[in-house]
Amino acid sequence: MSTASAYLTVRGLDIDIIRKDIKHLHVGVYPPAGRVRVAAPLGFDDEHIRLAVIQRLAWIRRQRKELQSAERQSVREMVTGESHYVWGRRKRLKVVERPGRAHVEVDGDRLTLYVGPEASAEQRRTYLERWYRDQLRSALPDLISKWEQRLEVTVPRWTIRKMKTKWGSCNRETHGLWFNIELAKKHPDCLEYIVVHELTHYFDGNHGARFAALMDRNLPDWRSRRDELNGAPLAEEDWYA
C-alpha cells in the first residue's frame, strides 16, 4: 500500500509524492515493478517536482527496466535442497536437525544449517538471516576503512538493516550509513559498489552528472557492478509494505 500524500503523472509515469521536512529532493525507483517515489521538501510545488523528475527520466527508466527484468526467487521454505545465495554464489541448503546451538556452516557449494528438531521455518529463516548479518559485519569494516582513506572522509556510524526499498542509504546530515542485509547474498564487488555509492553522497546528494563523474573517477567500473547487483536474483519480499 502506498504511503504517498500526493500523485503526479510525468510523461506517462505515475509518481508517488511524499512531502517531508527535509532539505533535498530524493527520487527513488523501487522493486519489484519499478514504482517511482519522490520525497520532496515541504515547500516544493508540483511543478518543481515535475522538473526534477524530467531531469532524472533517463536514470528512472533505466532503473525500472533493470528491476522489471530481474530474476526473483520463490519464497524460501528453509528445507534441504533449496538454493540460497552467499556472496553471489548459489549454495544448496542442507538442514541438520540436532540438539544444541543453531549455527550455519559453508562447505563448497553446500550451506548447512544446524537447528533443533522443533525449529519452525520462520526460526530457521531467522537463524540464517543472523548469519548473513554476521557476514556483512565481517566484510564491511575493511571496505569502509579503504574508502575512507581514498576519499578522505570519516564514517561515524554504519548499520546493517533489513531494507525493503534500497540497497544502501546515507544520511547527509550525520554521515551515517545503512546497508541492506541482502547484500551478503550478492557478489562482493556489489557490496563495494554500494559502499562507494553511499560515500559519494557525502559530496553530492543526487544522482546527476556530478555524482556520475565522481563515481567514474573513484570506481571506473561502477556501472557494471551496479548492473550485476540489479541483475542478481531478488528475494521474494513484500516490497510494497
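Residues numbered from 1 in each chain as written. Predicted model: local features only at pLDDT ≥ 70, side-chain atom pairs only at ≥ 80, totals over all residues. Heavy atoms only, no water.

J.: Any chance you could break down the packing of helix α4 (residues 188-200) against helix α5 (residues 209-218) for me, citing the residues and the numbers?
T.: At their nearest, the axes of α4 and α5 sit 10 Å apart, and the two run at 135° to each other. As summarised for this structure, α4 and α5 are arranged oblique, according to the angle between their axes. Viewed along their axes, α4 and α5 form a crossing whose handedness is right-handed. Seen from α4, the contacting residues are Y193, V196, H197 and T200; seen from α5, they are F211, L214 and M215. When grouped by side-chain class, the residues that make up the contact of α4 with α5 number five nonpolar, two polar and no charged. (Axes fitted to C-alpha atoms, helices over the stretch in contact; angles between N-to-C directions. Helix = DSSP H or I, 4+ residues; strand = E, 2+ residues; numbered from the N terminus. Parallel < 35°, antiparallel > 145°, perpendicular 65-115°, else oblique. Left-handed = near helix turned anticlockwise from the far one by under 90°. Contact = heavy atoms within 4.5 Å. Nonpolar A, V, L, I, M, F, W, Y, C, P; charged D, E, K, R; others polar.)

J.: Which residues make up the packing of aromatic side chains, and what are the values?
T.: Summed over all chains, the structure comprises two aromatic pairs. Seen from their ring centres, Y193 and W222 are 6.5 Å apart, and the 10° between their planes marks the pair as stacked. Of this pair, Y193 sits in helix α4 while W222 sits in helix α6 (residues 222-231), and the two are 29 residues apart along the sequence. Of the two residues examined, Y193 and W222, each falls in the buried class. For R150, the ring lying beneath its charged end belongs to W147, and the centroid distance is 4.7 Å. (Phe/Tyr/Trp six-rings, centres within 6.5 Å; stacked < 30°, edge-to-face > 60°. Buried < 20%, exposed > 50% of the residue type's maximum accessible area, 1.4 Å probe, protein only. Lys NZ or Arg CZ within 6 Å of the ring centre and 35° of its normal.)

J.: Now, about the nonpolar core: what can you tell me, with residues and values included?
T.: In terms of nonpolar packing, the biggest core is built from 43 residues, with L136, L140, F179, L183, V195 and L199 touching the most fellow members. Every element with two or more residues in this core is listed here: β6 (89-97), β8 (110-115), α3 (121-151), β11 (177-180), α4, α5 and α6. Residues in contact with L199, not counting those within four places in the same chain, are W147, E148, L151, V153, V155 and L177. Membership of the second largest hydrophobic core comes to 19 residues, among which are I15, V27, A52 and I60. (Core = buried A, V, L, I, M, F, W, Y, C linked by side-chain atoms within 4.5 Å.)

J.: I'd like to hear about helix α1 (residues 46-55), residue by residue, with values.
T.: Among all positions of α1, only I49, A52 and V53 are buried. Buried residues of α1 fall within an arc of 100° about the axis and therefore sit on the same side. (Arc of directions from axis to C-beta.)

J.: Report on the pattern of salt bridges, specifying residues and quantitative values.
T.: Tallied over the full model, the rule gives 16 salt bridges. Between R50 and E47 there is a salt bridge; the shortest N-O distance is 3.7 Å. One end of the pair is R50 and the other is E47, both in helix α1 and three residues apart, which spans about a single turn. Exposure remark for E47: the relative accessible area of 44% places this residue in the partly exposed category. We note a salt bridge from R125 to E122, for which the minimum N-O separation is 2.8 Å. Here R125 pairs with E122, and both are found in helix α3, just three residues apart, close to one helical turn. A single salt-bridge network, built from bridges that share partners, covers K146, D189, E192, D221 and R225. (Salt bridge = Lys/Arg side-chain N within 4 Å of Asp/Glu carboxyl O.)

J.: Could you give an account of the sheet that holds strand β9 (residues 158-161), naming the residues involved and the relevant values?
T.: Sheet strands pair by backbone hydrogen bonding; their relative direction is either parallel or antiparallel. The strand order across the open sheet formed by three strands is β9-β11-β10, and the pairing between neighbours is mixed. Two strands close off the open sheet at either side, each with one partner strand: β9 and β10 (168-170). Averaged over all pairs of adjacent strands, the angle between strand axes in this sheet comes to 15°, irrespective of strand direction. Strand direction decides the pairing type here: β9 and β11, joined by four bridges, are parallel. (Pairing = 2+ DSSP bridges.)

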